[in-house]
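Observations on chain architecture
The chain contents come next:
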Amino acid sequence: MISIIDYDAGNIKSVEKALIYLGEEAVITSDRETIMNSDGVILPGVGAFGVAMDKIRSRGLDKVIHEYVETGKPFLGICLGLQLIFEKSEESPEAVGLGLLRGKITRIPEVSSDGEHLKVPQIGWNNIDVNPASKLLKGLGDNPYVYFVHSFYLQAEDRADVAATTHYSVSIDAAVERDNVMATQFHPEKSSDVGLKILSNFIAMTKNN
């Protein structure tokens, strides 16, 4: 069973539907015991960094997430969920994130280094350059396309954590992976067959743990 953490951040039902489509039992929950007894946990989300962290802390989910990650079982952040596993975001300077990994979350520049004007947020499909060592992104082929919706992006402090990059105005760390902690800035649940393959890889990890 995979738990999808519920903290009123949206983008939850689509993740649940994708997992069920793949034949996996999924539950949307904020209950500690349910989360701790899960084979895998997903932290999805859309919205503002600071508001999300307030909701997570108000339910005691920050402690539960840390406790779960320490078990070594697979943990996946999606979109805002990727940003929340880091310490801080330029979007909400006063807020403190989960701090599972280290890096910088900043706003995507509306003008690229070569003077191109781009729309922010980035909404739509973009290809990613996959680190061949990634377990989460294995079997995707060369430069697969995935679906993004975001205004802020990650620059990981430890380059060994980066599972995939993309380019939109700047170089963006599109996915990270360290031990049992993984996250994607893009939405696998909205990324067609490529996204289903990513979620299938995650499910497989929950079976082998």
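Summarised in this report is the structure supplied together with it. Just so you know, these numbers come straight off a predicted model, no measurement behind them.

Turning our attention to the overall build of the protein. Regarding its fold elements, the protein presents six helices and 12 strands. For 209 residues, the compact-globule formula gives about 17 Å, and the C-alpha radius of gyration of the protein, at 16 Å, lands near that figure. Along the first, second and third principal axes, the C-alpha set of the protein runs to 50 × 40 × 30 Å. Counting only residues that meet the buried cut, the protein has 55% of its 209 residues in that class. The contacts of the protein with a sequence gap of at least 6 include a subset with a gap of at least 24, amounting to 70%. Here the protein holds 20 positive side-chain charges and 29 negative ones, and the gap between their average locations is 2 Å.

Right, let's talk about the environment of Tyr7 for a bit. Topologically, Tyr7 is positioned in the loop between β1 (2–5) and α1 (13–21). Taking C-alpha positions, Tyr7 is 31 Å from Pro144, a pair spaced 137 residues apart along the chain. Setting aside anything within four residues of it in sequence, one finds Tyr7 in contact with Leu43, Pro44, Gly45, Ala52, Lys55, Ile56, Arg59, Leu61, Leu80 and Leu84. A distance of 2.7 Å separates the side chain of Tyr7 from the backbone oxygen of Pro44, its partner in a polar contact.

Attention shifts here to helix α3 (residues 49–58). Looking at α3, one finds that the buried residues are Phe49, Gly50, Ala52, Met53 and Ile56. Buried residues along α3 cover an arc of 160 degrees about the axis, so they all sit on one side. Within α3, the exposed residues directed more than 90 degrees away from the buried face are Asp54 and Ser58. Phi for Gly60, located one or two positions after α3, is positive at around 70 degrees.

Relative to the helices and strands, Ser191 is located in the loop between β12 (181–184) and α6 (192–208). If we skip the residues at most four places from it in the chain, Ser191 touches Trp125, Val146, Tyr147 and Phe186.

Rules used in this analysis
Residues numbered from 1 in each chain as written. Predicted model: local features only at pLDDT ≥ 70, side-chain atom pairs only at ≥ 80, totals over all residues. Heavy atoms only, no water. Helix = DSSP H or I, 4+ residues; strand = E, 2+ residues; numbered from the N terminus. Rg over C-alpha atoms; globule rule 2.2 N^0.38 Å. Buried < 20%, exposed > 50% of the residue type's maximum accessible area, 1.4 Å probe, protein only. Contact = heavy atoms within 4.5 Å. Lys, Arg positive; Asp, Glu negative; His and termini not counted. Charge placed at Lys NZ, Arg CZ, Asp CG, Glu CD. Polar contact = N/O pair within 3.5 Å; in protein donor to acceptor, adjacent residues only side chain to side chain. Arc of directions from axis to C-beta.

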